[in-house]
Amino acid sequence: MLVKERQAGAMLWEILLILALLAIISVHAVPQAAKFYRQAVVEYEAEQLLSTIRYCQNMSRITADSAWGYGAKSPTKRYVSLQLAAKGNQLLAGDRDIIASHTYLPGVNVAKVYQEQGENHYDASIKLSFTANGRPGLSGMMTLFIYYQGYPAEGQKIMISKGGRIRLERGTGEK
């Protein structure tokens, strides 16, 4: 009987040791897993938005002249535009016909970055449209910042030039 009690006690110590080791490992693993998730979510949304912007640009190139021929005499009805908001975006034909919509994953923010008086400002509500030659209706370059709430250093930028060039810049660490 005495031998069985020692074995049971040794087994209890082994279990406590294993639990302590698991706790130490999880203290290091959980933050790394959370960082991996944040980066993956931002990467997904940045790629999704980049694809949508390019689709909008190409649709405006393709449909502008043919829409004009089918009776869309108003310039606002000829083009496809992208409406960006805090929680998602909508691809619009003309003024209000929704072609597609996308809701951002929880925690993801998209904002337009612009400078005023040497400081960065962020605008979450943006309407982006392109002309028949693929150029955006902008006066200059537009920068969209995609980041996970509370972790702007892991964010990404989509830059749209006045000439219609669109590119993604990863790991910009802004805000």
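Reading guide: rules and limits
- Residues numbered from 1 in each chain as written.
- Predicted model: local features only at pLDDT ≥ 70, side-chain atom pairs only at ≥ 80, totals over all residues.
- Heavy atoms only, no water.
- Core = buried A, V, L, I, M, F, W, Y, C linked by side-chain atoms within 4.5 Å.
- Buried < 20%, exposed > 50% of the residue type's maximum accessible area, 1.4 Å probe, protein only.
- Helix = DSSP H or I, 4+ residues; strand = E, 2+ residues; numbered from the N terminus.
- Contact = heavy atoms within 4.5 Å.
- Pairing = 2+ DSSP bridges.
- Axes fitted to C-alpha atoms, helices over the stretch in contact; angles between N-to-C directions.
- Phe/Tyr/Trp six-rings, centres within 6.5 Å; stacked < 30°, edge-to-face > 60°.

**Student:** Sorry if this is basic, but what is going on with the nonpolar core here?
**Tutor:** The nonpolar side chains of a soluble globular protein tend to be buried with one another. Of all hydrophobic cores here, the largest spans 26 residues; its most connected members are L49, I53, L144, I158 and I160. Those elements that provide at least two residues to this core are α1 (2-69), β1 (80-84), β4 (108-116), β6 (126-129), β7 (142-148), β8 (151-160) and β9 (166-169). The leading source of residues in this core is α1, at seven residues. With sequence-adjacent residues up to four places away left out, I160 is seen in contact with I53, L128, F130, P136, L138, G140, M141, M142, L144, R165 and I166.

**Student:** What's the story with the sheet that holds strand β2 (residues 88-93) in this structure? I'm lost.
**Tutor:** Strands belonging to one sheet form pairs held by backbone hydrogen bonds; the direction of such a pair is parallel or antiparallel. One open sheet holds the four strands; their spatial order is β3-β2-β1-β6, and the pairing between them is antiparallel. Edge positions in the open sheet fall to β3 (97-103) and β6, since each of these has one partner strand only. Taken pair by pair, the neighbouring strands of this sheet meet at an average axis angle of 20°, ignoring direction. When β1 meets β2, the two strands line up antiparallel, connected through five bridges. Bridge assignment links L82 to a residue of β2, and that residue is L91.

**Student:** I keep staring at the sheet that holds β4 and nothing clicks. Help me out?
**Tutor:** Taken in spatial order, the five strands of this open sheet run β5-β4-β7-β8-β9, and their pairing is antiparallel. Because the sheet does not close on itself, it has two edges, and the strands there are β5 (119-123) and β9. Ignoring strand direction, the axes of neighbouring strands in this sheet form an average angle of 30°. Strand direction decides the pairing type here: β8 and β9, joined by four bridges, are antiparallel. Paired with I160 across the two strands is I166, which belongs to β9.

**Student:** Hey, could you run me through the packing of aromatic side chains in this one?
**Tutor:** The geometry of an aromatic ring pair comes down to the distance between the two centres and the angle between the two planes. As enumerated under the stated definition, the model contains three aromatic pairs in all. Both rings, one in F145 and one in Y147, keep their centres 5.1 Å apart while their planes meet at 25°; by these two values the pair is stacked. In this pair, the class of F145 matches that of Y147, namely buried. Between the aromatic rings of Y148 and Y151, the centroid separation amounts to 6.5 Å while the plane-to-plane angle is 45°, which identifies the pairing as tilted. Assessed through its relative accessible area of 18%, Y148 is described here as buried. Aromatic ring contacts, followed pair by pair, group Y37, Y148 and Y151 into a single cluster.

By themselves, these observations are geometric and do not establish any function.
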